[in-house]
Each structure stands twice: as structure tokens, then as C-alpha cells.
Amino acid sequence: MGLACLLCLGNAAATAFADGQTDAYNYSYWGEAVRSPAAYEATRIVTGTELKIGTFKEPNDMHVTADERVYVLDSGNSRIVELDRELKLIRVIDSFDHDGQKDYFKNPQGLYVSDNGQLLVVDSEHQRVVHLDEQGQLIKIVEQPQSDLLKADFQFKPLRVVMDKGERIYVMAEGVFDGFMEFNSDGSFASFIGANRVSVDPVEYLWKRFATRQQRSQMVMFTPTEFTNMDIDEEGFIYATSGDLKGLPIKKLNAQGADILRREGYYPPQGDLLYINEKGPSRLVDVDVGDSDMYSVLDAKMGRVFTYNGDGYLLHMFGGIGNRLGQFNTPVSLERAGDRMLVLDKALGEITVFQTTEYGRTLHEAVRSYFNGDEDGSAASFAKAADMNANLEYAYAGIGKALLRQKDYAQSAQYFKRSMEREGYSKAFLLFRKELLREHFSWIMSGLFLIVAVLVTVTIVRRQRRGTTNAGIK
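Residues numbered from 1 in each chain as written. Predicted model: local features only at pLDDT ≥ 70, side-chain atom pairs only at ≥ 80, totals over all residues. Heavy atoms only, no water.

Draft legend 1. Broad picture of the side chain of Arg304. Examined against the element boundaries, Arg304 turns out to sit in strand β23 (residues 304-308). Of note is the side chain of Arg304, whose polar atom sits 2.8 Å from the side chain of Tyr25. (Helix = DSSP H or I, 4+ residues; strand = E, 2+ residues; numbered from the N terminus. Polar contact = N/O pair within 3.5 Å; in protein donor to acceptor, adjacent residues only side chain to side chain.)

Structural data, given as C-alpha cells:
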């Protein structure tokens, strides 16, 4: 029955939103798709032809620095294209000096640029990660690692890479189910971190228990799900997406590899809740970490970008598969550049540039204000966002949280109730009750004392009357 309802809701959502329009939507507390104003609008498309460097050929990755320089990994042409914040060409990097000789990339798959301009290129066909400085000079090459933690026949096939402020390098490699590979600053292999847990179907597990050895050999092994992409924030936490369709497709990993992503929203961050059964759930292939704990993920199946706040509430979505401006064919990478969002299309070889709308800027400002402890600004921005979008239940929760910080517990409880935020409502109501008891403690105690005194007096009077009555009878 539950599955039938899910399919019915999924078909309804598809009818409403799968017609090629770029109208945005959100999900209510009840898991229903509801209309929403657009937080981003597509403004332009950037191609290699426009940049006069020839067409992009199957580009796979992209990175934007703090000063909004854009690096595009043009994999099919084995080069990195650097653009300025206006998306004009700065340079093309297709080779580097290696031991006095010119060395080239071959079908690179991943790219990362540090805050100081150091470049990490996943040179996949050469099975290595090339580390260059800001001028494009070679710093080191990370190649086939040697460790007792690795099998003797292990082949290093890197796909994605990030680096923290301590210059530790984290690599997502093909065929590795133990998590990300961590390398020290000198390029030596250290360990694995953040392995996904094994997803086991109880029925299949029970069947394996009673199957013969030959039958078990033909069954699929229980192995962890591989990651699909990664990003790293200013504090060194790694955000990762995976193909874990049954579990948690988005994770935030600390230094020990533990998942610390907050999932306090109406539902865990996962992309679309409703979908047509033939297409299946969202397949998240990239994640971009912004400021104030906001992050966005890219769904390759439907071409949609979902943005969440640090607590796991869905803020907004945009995009889609199609031929119109703002839609994609094969989206593979997304990056935030100030108030803009850039999405790279592998098949079309182009970058679509999205600019925030007034609604998007208002919502982002509300999240930033709350994150920075500006309760007044946060409440005002959330109220403005709610005026623009009556379906945004999260805005009322945001106002409730801001009022909770301001110790206005009564109003906070009302907004939490409106947003169906049970945990917040319980906390606000409990604090309101304590505050009420504290403010009226003297009156309450006086009242209780008066009641006790009256009861004692009445009891004494009744006993005296009863004693007088008994004496008269005698």
C-alpha cells in the first residue's frame, strides 16, 4: 500500500514538473511537492568556442576559488582552462615541466584548486595525481601507493581529489570501497577514511544463509557503496555524495571519517523525495560547499540542483533535463561563485551560469544571519522570504529559531507549531513554561500557601464542630 502511494505521488509530481519548465518547487512537511519561487535564474552559457579556444570536449570537473576564478577540466582535450570572475579566458594549462621534460595530461577526471592557487589534477589515464603550484610548476606527483593496507594487485585509478589546509590529499579512487584514500603532505599513503557501511537486504541475507556454495558464488556480494564525488569546507570537513540509494547519499566526514551531517529537517537530504518508478531516486554526482554551512548537490538523473542549510532543511532547487536555457543534457559538476551558480554539462560542453533572484538572496541572507548570530536580521529575512513563498514552512522554523535565541519562547513556540517543527516546539514550550513558573513563582507559592492554610483551617474547624456535637450528645 505504501509503495503504491509513493508511485502515485511520484507520477503526480512528474505531471506537474516534468514538462520542460524550470519552475521551482519544494517539499512540505507532509512530503508533498509544492510550488516555490525560483531562487536562481539562468543568465548565460559559456562555451569553448565563445572563449576562442575550441569546443570543450567531455569536460568532467570544475572548481571556483575564493576570488571567483573558474577552473574547467576539459578532459577530452586533456587541459585545464582558467577563467576570471567575468568568465573571460586567463590561460590554458595542458602540460608541465617534469624532470626537465614537458609532460602532458591524458583524459584527466578530477580537479581541485587550493586557497593559495595550488592545482591538483587527477591524471586518470596515467594513474596519478599531479600537484602544481600557482604558476603551473610541478610540486609532486602522487602515484601508485605502497602500504600493507592495500592488496598486492591494487591498481591506483584516481577519479576525484581535494586537499585540506595541512596539504593532506584525499583521493576518491575507482574500485575502492574502503572510503577515501588519505595521503600525507609528502605524497605518501596514510589510510582510508569514511567508508560507507554495507547495505544488506534482509531477505537476500536470509536466502544466502540457506543457499548452497554454488548458489552463493553466483549472488551479488555485500559490498559498501562507492562515493561519486567530494568537496571540502574551510574547516577541513569532507562532504561526499554516493550511490547509496537506500541509505544516506550525502555525508559530512570529520578527521576520523565519522559522518556528522545534521539531518534535522523534515526528511534527510537526498534530492527528490518523489519520483517515477522507472527513473528511480536521485543519483547525486557532485556536491558544493558554500558559506554558513549551506551546501548544494547535483542530481544527474533529473538535472536538478538541491540546496540545504546546515541543519538539513531543503532551501530550494532549480534546473532540469531539457533543451531550454537553465536545463541540461548531462550535468556533471556544479560550483558556487558568489551569488552565482555554475553547472557544467559534459555532453554539451558548456557552462550554464545561474544568478540568484531576490527570493534566493533573501533566503540565503536569512540563513547567513542566523548562522552569524544576528537574530533580528535572521527573523526579518525569514519573514520576508515567507511573504514571497507561503509554502516555505522552513521559514517559520527559521523565525522560531531566531526568536528562541532571543528568549521570546512564547512566540517561538507559535512559529515552530506553524512549521510543524516538533523538536523546536517542545524546546520552546518547555522554556516558556519554566520562564512562566519563574516569573510567577512568588504568586504561585503564595497561592499554594493560602490554599494549604485554608485547608488546615477548615479541617480544624470541622474537628472542633465534631467535638462539640459529640459532647452535646453525651
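Draft legend 2. Expanded view of the packing of helix α5 (residues 375-388) against helix α6 (residues 393-405). Where α5 meets α6, the closest approach of the two axes is 9 Å, and the angle between their N-to-C directions is 160°. The angle between the axes of α5 and α6 places the two elements in the roughly antiparallel class. Seen from above, α5 lies across α6 with left-handed handedness. When α5 is examined against α6, the residues Glu375, Ser378, Ala379, Phe382, Ala383 and Ala386 are found in contact with a partner set consisting of Tyr394, Ala395, Tyr396, Gly398, Ile399, Ala402 and Arg405. (Axes fitted to C-alpha atoms, helices over the stretch in contact; angles between N-to-C directions. Parallel < 35°, antiparallel > 145°, perpendicular 65-115°, else oblique. Left-handed = near helix turned anticlockwise from the far one by under 90°. Contact = heavy atoms within 4.5 Å.)

Draft legend 3. Fine view of the sheet that holds strand β10 (residues 110-113). Taken in spatial order, the four strands make up an open sheet running β10-β11-β12-β13, and their pairing is antiparallel. Two strands bound the open sheet, and with one partner strand each, they are β10 and β13 (138-142). In this sheet, neighbouring strand axes are inclined to one another by 15° on average, regardless of whether the strands run parallel or antiparallel. (Pairing = 2+ DSSP bridges.)

Draft legend 4. Representation of the layout of surface pockets in the model. Reported here for the largest pocket is a volume of approximately 890 Å³. Among the secondary structure elements, those contributing two or more residues to the lining of the largest pocket are β4 (61-64), β10, β18 (227-232), β21 (284-289), β25 (331-337) and α4 (358-371). The element that contributes the greatest number of residues to the lining of the largest pocket is β25, accounting for three residues. Here the residues of the lining of the largest pocket sort into nine nonpolar, seven polar and 17 charged. (1 Å grid on protein atoms, 1.4 Å probe; cavity = no way out; pocket = protein on both sides within 12 Å on 5 of 7 lines; lining within 4 Å. Points joined across faces, edges and corners; volume = space filled by probe spheres on them. Nonpolar A, V, L, I, M, F, W, Y, C, P; charged D, E, K, R; others polar.)

Draft legend 5. Layout of the nonpolar core. With 29 residues, the main nonpolar core has Phe180 and Met181 as its most contacted residues. Of all the secondary-structure elements, those providing two or more residues to this core are β11 (119-123), β14 (158-163), β15 (169-173), β16 (180-183), β17 (189-193), β18 and β19 (238-242). Apart from residues lying up to four places away in sequence, Met181 is in contact with Pro145, Leu150, Phe154, Phe156, Ile169, Tyr170, Val171, Ala173, Val176, Phe189, Ser191 and Phe192. Within the second largest apolar cluster, 28 residues are counted, among which are Val305, Met341, Phe354 and Tyr396. (Core = buried A, V, L, I, M, F, W, Y, C linked by side-chain atoms within 4.5 Å. Buried < 20%, exposed > 50% of the residue type's maximum accessible area, 1.4 Å probe, protein only.)

Everything listed is a geometric property; what it means functionally is a separate question.
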